[in-house]
Amino acid sequence: MVMGSLKEETEVVVVGAGPGGYVAAIRAADLGKEVILVEEREKLGGVCLIEGCIPSKALINAVEVAHNAREAARFGISVGDVRIDVDKLRAFTQGVVDNLTGGVAGLLKRRGVTVVRGRARFSGPNELRIEAPADKGADVGAIGFRHCILATGSCINELPAAYDQPVWHSAQALTIPSVPERLLVVGGGYIGLEMGLVYAGLGSRVTMVEFFPRLLIGADEDLVDVMVRSAAKRFEDILVDSKVTGVEKSAAGFAVTIEKQDGAKERREYDQVLVAIGRRPNTSDLGLETIGLGLDEQRLIPVDERQRTKIPHIYAIGDIVRGPQLAHKASREAKVAAEVIAEEEAAFDNRAIPAVVFTDPEIAWAGITEREAQELGIEVRIGRFPLHALGRAQTLGRTDGLIKVIADPKTHLVRGVGMVGVGVSELISEATLAIEMGATLEDLMVTIHPHPTISEAIMEAAEVAAGHPVHVNPPKKRG
């Protein structure tokens, strides 16, 4: 790393150009602030855009198109042998990423945001020192600022000692280095599931190992069960209550030792191993100790509802503060921080942050989950509507799934919504809006939903919760 000699001065400096950082820079610039954005990577957009949610969704879409083509025979449509050209798929995915990163650069340029490449560290409460890669050089050595927004994101968890071998992590897997005949995916969270289904769609025989008793431990079990039944048809094996205790190179690829909860061990051979065991916040090596800004027990930066740290002119957003590590949450926090700097009334007071898992079928939820209500002892009323009772689902040949509405039993206020099924990633925003606006079951019931659509299931689930179902059997009468 090399240090430049020039010191810049600005009103606002943003560190990190992901979906939190670049949005904060754009919003602050639109509010009339002079902004410098500091980013280590050559491309703008952060992990989500470059090696996360965007390329993974491009791959997921491609393999689902192929899967649907193969499944079309049940509709009387024969398309012959369906093949995937991996080189063209890589090129398509990279093209999507390049278009979007170029778009971010263009947006920043048109807003007059100055982009500085390099690593930023605090040298004082109002100054950052900038280091750039040796092959790039650096004109800017320091940036003085009135306000700073930290948006440094997260990185892939380091591999345990058991994985002292050249196994893949999720960012590598997204580049499709190869399509292994036998692939072991370690980790049954959303990243592992999405990537496992991608490689199963590409032709790999996929085994998944998960430490906990079930996959997607954070989501409601009734939603996950629907997805697991589908995934089990595409995966060769799903091992829960299991952990990998050793990985060794072998003639075939990798010899993996898997230990069950009861202590029983078995040794299996795989051509490749993909480890997807979560992410950690990028809060190290920022010089936080220099300015007395400490971390909590999760190595996150404490902030208030206005995204301010204990140093009032320094803000933090995204994966380095509490809450789910989601791009859309970071973008919302980014706008709050920029608006607070501009002395506007703003706060991160959202009632719900939607989550989506892009498996097949998709899973989505917002607000309180059924599991959380049980753990917290909160009394709720739940209405479930199965997609097999929905006309649109029947016409699509996709009746696997359900939508449930979780409401307060006295006020009928909608507290949460969960769903699993085809295309539910596009439905969860209605549920999120309902929670944000303080909607009741009656509000969902009297809102006219177009027929025939999957979105009708939200209205139908609300009717079930209210005790007035039309398209499923009514509740049993008491007494």
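Before any of the text, the structure's been laid out above.
Colleague: Account for the packing of aromatic side chains, naming residues and giving values.
Modeller: Under the counting rule described, the total for this entry stands at three aromatic pairs. Ring plane angle 70° and centroid distance 6.3 Å describe the contact between F122 and F145, whose orientation is recorded as edge-to-face. Of this pair, F122 sits in strand β5 (residues 119-124) while F145 sits in strand β7 (residues 140-150), and the two are 23 residues apart along the sequence. Considering the side-chain rings of W168 and Y199, the 5.5 Å spacing of their centres and the 45° angle between planes classify their relative orientation as tilted. Note that W168 is positioned in strand β9 (residues 168-169) and Y199 in helix α6 (residues 190-202), a separation of 31 residues in sequence. This pair shows no difference in class: W168 is buried, exactly as Y199 is. Taking the ring centre of F254 as reference, the NZ or CZ of K249 above it sits at 4.6 Å.

Colleague: Lay out the state of the cysteines in plain terms, naming residues and giving numbers.
Modeller: Per the counting criterion, the structure on display carries one disulfide. A disulfide bridge connects C48 with C53, and the sulfur atoms are separated by 1.6 Å. Taking the torsion about the S-S bond as the criterion, the C48 to C53 disulfide, at about 45°, is right-handed. Note on C53: relative accessible area 27%, which makes it partly exposed. In this model C148 remains outside any disulfide bridge; the closest cysteine sulfur is found in C155, 19 Å from its own. Of the cysteine sulfurs around C155, a residue in no disulfide, the closest is that of C48, at 16 Å.

Colleague: Give me the nonpolar core: which residues, what numbers.
Modeller: Counting 37 residues, the largest nonpolar core has Y199, L216, F235 and I363 as its most contacted members. Broken down by secondary-structure element, the contributors of at least two residues to this core are α3 (53-71), α4 (86-110), β10 (182-186), α6, β11 (205-209), α7 (221-234), β19 (355-357) and β20 (362-367). For this core, the element with the highest residue contribution is α6, accounting for seven residues. Those residues in contact with F235 that sit more than four places away from it in its chain are L193, G196, L197, A200, V206 and M208.

Colleague: So what's going on with the sheet that holds β10? Which residues, and what values?
Modeller: Spatially, five strands are ordered β9-β16-β10-β11-β12 in an open sheet, and the strand pairing comes out parallel. The open sheet has two free edges, formed respectively by β9 and β12 (237-239), since each of these has just one partner strand. Across four bridges, the pairing between β10 and strand β16 (residues 272-275) is parallel. Paired with V186 across the two strands is V275, which belongs to β16.

Colleague: So what about unusual backbone geometry? Which residues, and what values?
Modeller: With omega at 0°, the peptide bond leading from D360 into P361 counts as cis. Structurally, P361 is set in the loop between β19 and β20. A cis amide bond, omega -5°, links H451 with the succeeding residue P452. Among the structural elements, P452 can be located in the loop between α12 (441-446) and α13 (456-466). Phi is positive for L216, which is not a glycine, with a value near 45°. With relative accessibility at 7%, the residue L216 sits in the buried group. Positive phi, close to 50°, is recorded for D241, a residue that is not glycine. Secondary-structure assignment places D241 in the loop between β12 and β13 (242-249).

Colleague: Help me get a handle on empty space enclosed by the protein, residues and values and all.
Modeller: Rolled over the atoms, a probe as big as a water molecule pinpoints where empty space is left. For the structure shown, the criterion picks out three cavities of 30 Å³ or more. One number sums up the size of the largest cavity: a volume of about 40 Å³.

Colleague: A description of the side chain of E127 should follow, citing residues and the corresponding values.
Modeller: By secondary structure assignment, the location of E127 is in strand β6 (residues 127-132). A polar contact is formed between the side chain of E127 and the side chain of S123, at a distance of 2.7 Å. If we skip the residues at most four places from it in the chain, E127 touches K7, R121, F122, A142, I143, G144 and F145.

Colleague: Any chance you could break down the environment of A171 for me, citing the residues and the numbers?
Modeller: Here A171 lies in helix α5 (residues 170-173). It is 7.0 Å that separates the C-alpha atoms of A171 and G52, two residues lying 119 residues apart in sequence. Filtering out sequence-adjacent residues up to four positions away, A171 remains in contact with E51 and I156.

Colleague: Give a description of a nonpolar patch on the surface that names residues and reports values.
Modeller: The grouping of F75, I77 and V79 at the surface amounts to a nonpolar patch, some 280 Å² of accessible area in total. As for its position among the elements, V79 is in the loop between α3 and α4. Owing to a relative accessible area of 47%, V79 belongs among the partly exposed residues under this scheme.

Colleague: Report on the packing of helix α1 (residues 21-30) against helix α8 (residues 327-341), specifying residues and quantitative values.
Modeller: Orientation of α1 relative to α8, taken along the N-to-C sense of each, is 35°, at an axis distance of 8 Å. Both α1 and α8 take part in a crossing whose hand is right-handed. Within the contact between the two elements, α1 uses V23, A24, R27 and A28 and α8 uses S331, A334, K335, A338 and E339. Looking at side-chain class alone, the contact of α1 with α8 contains five nonpolar, one polar and three charged residues.

Colleague: So what's going on with α3? Residues and values would help.
Modeller: Between its first and last C-alpha, α3 extends 26 Å over 19 residues, near the 27 Å set by a 1.5 Å rise per residue. P55, S56, A58, L59, I60, V63, E64 and A66 are the residues of α3 that are buried. Those residues of α3 hidden inside the fold are in contact with α2 (46-51), α4, α6 and α7.

Calculation criteria
- Residues numbered from 1 in each chain as written.
- Predicted model: local features only at pLDDT ≥ 70, side-chain atom pairs only at ≥ 80, totals over all residues.
- Heavy atoms only, no water.
- Phe/Tyr/Trp six-rings, centres within 6.5 Å; stacked < 30°, edge-to-face > 60°.
- Helix = DSSP H or I, 4+ residues; strand = E, 2+ residues; numbered from the N terminus.
- Buried < 20%, exposed > 50% of the residue type's maximum accessible area, 1.4 Å probe, protein only.
- Lys NZ or Arg CZ within 6 Å of the ring centre and 35° of its normal.
- Disulfide = S-S within 2.5 Å.
- Core = buried A, V, L, I, M, F, W, Y, C linked by side-chain atoms within 4.5 Å.
- Contact = heavy atoms within 4.5 Å.
- Pairing = 2+ DSSP bridges.
- 1 Å grid on protein atoms, 1.4 Å probe; cavity = no way out; pocket = protein on both sides within 12 Å on 5 of 7 lines; lining within 4 Å.
- Points joined across faces, edges and corners; volume = space filled by probe spheres on them.
- Polar contact = N/O pair within 3.5 Å; in protein donor to acceptor, adjacent residues only side chain to side chain.
- Patch = residues over 30% accessible without salt bridge, like charges linked within 9 Å, V, L, I, M, F, W, Y side chains within 5 Å.
- Areas by Shrake-Rupley, 256 points an atom, 1.4 Å probe, with all protein chains shown as cover.
- Salt bridge = Lys/Arg side-chain N within 4 Å of Asp/Glu carboxyl O.
- Axes fitted to C-alpha atoms, helices over the stretch in contact; angles between N-to-C directions.
- Left-handed = near helix turned anticlockwise from the far one by under 90°.
- Nonpolar A, V, L, I, M, F, W, Y, C, P; charged D, E, K, R; others polar.
- Expected span 1.5 Å × (residues − 1).

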